[in-house]
Amino acid sequence: MLFQRYTEAFARHDVVPAQVLLTSGDLALRASYLNARNTLHRLTELGAVPVINENDTTATDEVTFGDNDVLAAQVAILLGARWLLLLTDREGLYGPGPGGPELIGDVPAGTPPASLPLAAMSGSGRGRGGISSKIASASMATGGGVTCVIASGSDEGVIPAVASGHHVGTRFSPAARPEPAFKLWLRHAKPTLGRVVVDDGAAAALRDRGTSLLAVGVGATEGGSQAGDDDEVVSGAARTRVGKGVSAGSSDDIRAVAGMKSEAVRQRLPEAAPQVIHRDEFVLAEPHAADPAPGGVV
């Protein structure tokens, strides 16, 4: 019945809507991620408008987007969209002003979500995604080069206004140097299944020089990930997050060679990859305009 309403509304404009149901699990595997992208591109090429929602029939608590703001941001990144519009019951984001809350018109690229000064305002409680979710989703999308706007869903003409480039609501500027598509998928869609603890020297090299991670820089592993799974990389007793990447070996294999130099690794595991995580399959934990330029190895 709901989609029949969509069909009737779109028919008045001679447009066909297409129902698409996704789960985060659909985006976690690279092959299905690319299949979803190809399907959505093909639908738009045919002139249809995909109406996307989470597939509640198959989603579980462990593999959900959390709310539609996150789903929208991931789809925007998936498609390489120019704009992401998040609609709410306000004109946009409001910060404290001398006479009360004032609309924040622009948020520069690279602004950390936690640094935005927001005025205390009550929400409608109609949706699962609140303002904090919209800000996090905007940060996610802009890191992928997508301009994001948070605006009122009840304002007349808000969608065509944004699509034509008019300034409404709060606009988040996109990163000047968005990450490559593979690294965007790795950062936002591929789930983390294990953890690799590295020493401070390895952590600094990963952050500053864009290196690969070798076994000699590993202190320990946690979890039971397999080769090809995504591992979180942390450092120090505080387990400070460094980044995440695709593991070249299982947790057991990494544990067996932790702290060893390359020659000793080859003797222990002759078939092992030369690195624990390759630099091309690693992203830093904190948002950056781009990862450091490729360098050597750790």
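I will try to describe carefully the structure that is included in this document. Small disclaimer: the values here were computed from a predicted structure and weren't measured.

What counts and what doesn't
Throughout, a residue's number is its position along its own chain's written sequence, starting from 1. Note on the predicted model: pLDDT of at least 70 is required for a residue's local features to be given, and 80 or more for side-chain atom pairs to be given and counted; whole-chain, interface and lining totals, by contrast, use all residues. Derived side-chain values reflect all non-hydrogen atoms in the structure, with water molecules and hydrogen atoms excluded from consideration. Only DSSP runs of H or I covering at least 4 residues are called helices, and only runs of E covering at least 2 are called strands; the numbering of each starts at the N terminus. Note on exposure labels: buried denotes an accessible area under 20% of the residue type's maximum, exposed denotes more than 50%, and partly exposed covers the range between, all computed with a 1.4 Å probe on protein chains only. In what follows, a contact means two residues having at least one pair of non-hydrogen atoms within 4.5 Å. Surface exposure here means Shrake-Rupley accessible area, sampled with a 1.4 Å probe, where a residue is shielded only by the protein chains that are shown. Should a side-chain nitrogen of Lys or Arg be within 4 Å of a carboxyl oxygen of Asp or Glu, the pair is scored as a salt bridge. Angles run from 0 to 180 degrees between N-to-C directions of axes, and those axes are lines fitted to C-alpha atoms, restricted for helices to the stretch in contact. Angle categories: roughly parallel below 35 degrees, roughly antiparallel above 145, roughly perpendicular from 65 to 115, and oblique for all the rest. If you view the pair so one helix is near and one far, a crossing is left-handed when the near helix is turned anticlockwise from the far one by less than a right angle, and right-handed when it is turned clockwise. For this classification, Asp, Glu, Lys and Arg are treated as charged, while Ala, Val, Leu, Ile, Met, Phe, Trp, Tyr, Cys and Pro are nonpolar and the rest, including Gly, are polar. A 3.5 Å cut-off defines polar contacts: any pair of N or O atoms within that distance qualifies, except that in protein one atom must be a possible hydrogen donor and the other a possible acceptor, and neighbouring residues in sequence count only when both atoms are side-chain atoms. By convention, a stacked pair of Phe, Tyr or Trp rings (six-membered ring in the case of Trp) has centres within 6.5 Å and planes under 30 degrees apart, an edge-to-face pair has planes over 60 apart, and any other such pair is tilted. Strand pairing is assigned whenever DSSP identifies at least 2 bridges connecting the two strands.

Section: the overall build of the chain
When its secondary structure is counted, the chain shows 10 helices and 13 strands. Each of the 298 residues in the chain was classed as buried or not, and the buried ones make up 41%. Taking contacts inside the chain between residues at least 6 apart in sequence as the whole, the part at least 24 apart equals 71%. Accessible surface for the chain amounts to roughly 15,700 Å². Of this, 53% is attributable to carbon and sulfur atoms.

Describing the pattern of salt bridges
For the structure shown, the criterion picks out 10 salt bridges. Between Glu 45 and Arg 42 there is a salt bridge whose closest N-O contact spans 3.3 Å. Placement of the pair is Glu 45 and Arg 42 together in helix α3 (residues 30–45), with a separation of 3 residues, close to one helical turn. Notably, a salt bridge pairs Asp 252 with Arg 255, separated by 2.8 Å at the nearest N-O pair. Of this pair, Asp 252 and Arg 255 both sit in helix α9 (residues 251–257), separated by 3 residues, roughly a single helical turn. In this structure Arg 255 comes out as partly exposed when scored by relative accessible area, which is 39%. Residues joined by salt bridges that share partners form a network here, namely Arg 195, Glu 222, Glu 232, Arg 239 and Arg 241.

Details of the packing of α3 against helix α7 (residues 181–188)
Direction vectors running N to C along α3 and α7 enclose 115°, while the axes themselves pass 12 Å from each other. As far as their axial angle goes, α7 and α3 are roughly perpendicular. α3 and α7 meet at a crossing whose hand is right-handed. Here Arg 30, Tyr 33 and Arg 37 of α3 come into contact with α7, specifically with Ala 181, Phe 182 and Trp 185. Counted by class, the contact of α3 with α7 contains 4 nonpolar, no polar and 2 charged residues.

Points about the environment of Thr 221
Inspection of the secondary structure assignment puts Thr 221 in strand β10 (residues 218–223). Here the alpha-carbon distance between Thr 221 and Val 233, two residues 12 residues apart in the chain, equals 9.3 Å. Leave out the neighbours within four places in its chain, and Thr 221 touches Arg 195, Val 196, Ser 251, Ile 254 and Arg 255. Here Ser 251 takes part through its backbone oxygen, which lies 3.5 Å from a polar atom of the side chain of Thr 221. Within the structure, Thr 221 has its side chain in polar contact with the side chain of Arg 255 (distance 3.1 Å).

As for the packing of aromatic side chains
In this structure the tally under the stated criterion is 4 aromatic pairs. Ring centres of Phe 182 and Trp 185 lie 5.5 Å apart, and the angle between their planes is 50°; on these two criteria the pair is classed as tilted. In this pair, Phe 182 and Trp 185 are both assigned in helix α7, 3 residues apart and thus about one turn of the helix distant. For Phe 182, a relative accessible area of 25% corresponds to the partly exposed category. A residue is classified by how much of its surface remains accessible, and Trp 185, at 4% relative accessible area, is buried.

Here we look at the sheet that holds strand β11 (residues 230–235)
Pairing is mixed across the open sheet formed by 5 strands, whose spatial order is β10-β9-β11-β12-β13. Looking at the sheet topology across the chains shown, the edges are occupied by β10 and β13 (277–284). Averaged over all neighbouring strand pairs, the angle between strand axes comes to 30°, with direction disregarded. In this sheet, β13 lies alongside strand β12 (residues 240–247) in antiparallel orientation, the contact comprising 4 bridges. Note that in β13 the partner of Lys 244 across the bridge is Val 283. Lying on the sheet, α7 is in contact with β11, β12 and β13; it crosses β13 at an angle near 65°. Taken strand by strand, helix α8 (residues 200–209) contacts β9 (192–198), β11, β12 and β13, and its axis lies near 75° from that of β12.

Section: the sheet that holds strand β6 (residues 106–107)
Spatial ordering of the open sheet is given by β3-β7-β8-β6, a layout of 4 strands whose pairing is mixed. For this open sheet the edge positions go to β3 (83–88) and β6, each flanked by a neighbour on one side alone. Both β6 and strand β8 (residues 170–172) contribute to a ladder of 2 bridges, which runs parallel. Within the sheet, the bridge partner assigned to Asp 106 lies in β8 and is Arg 171. Contacting β3, β7 (147–152) and β8, helix α5 (residues 131–143) crosses the sheet at an angle of about 175° to β3.

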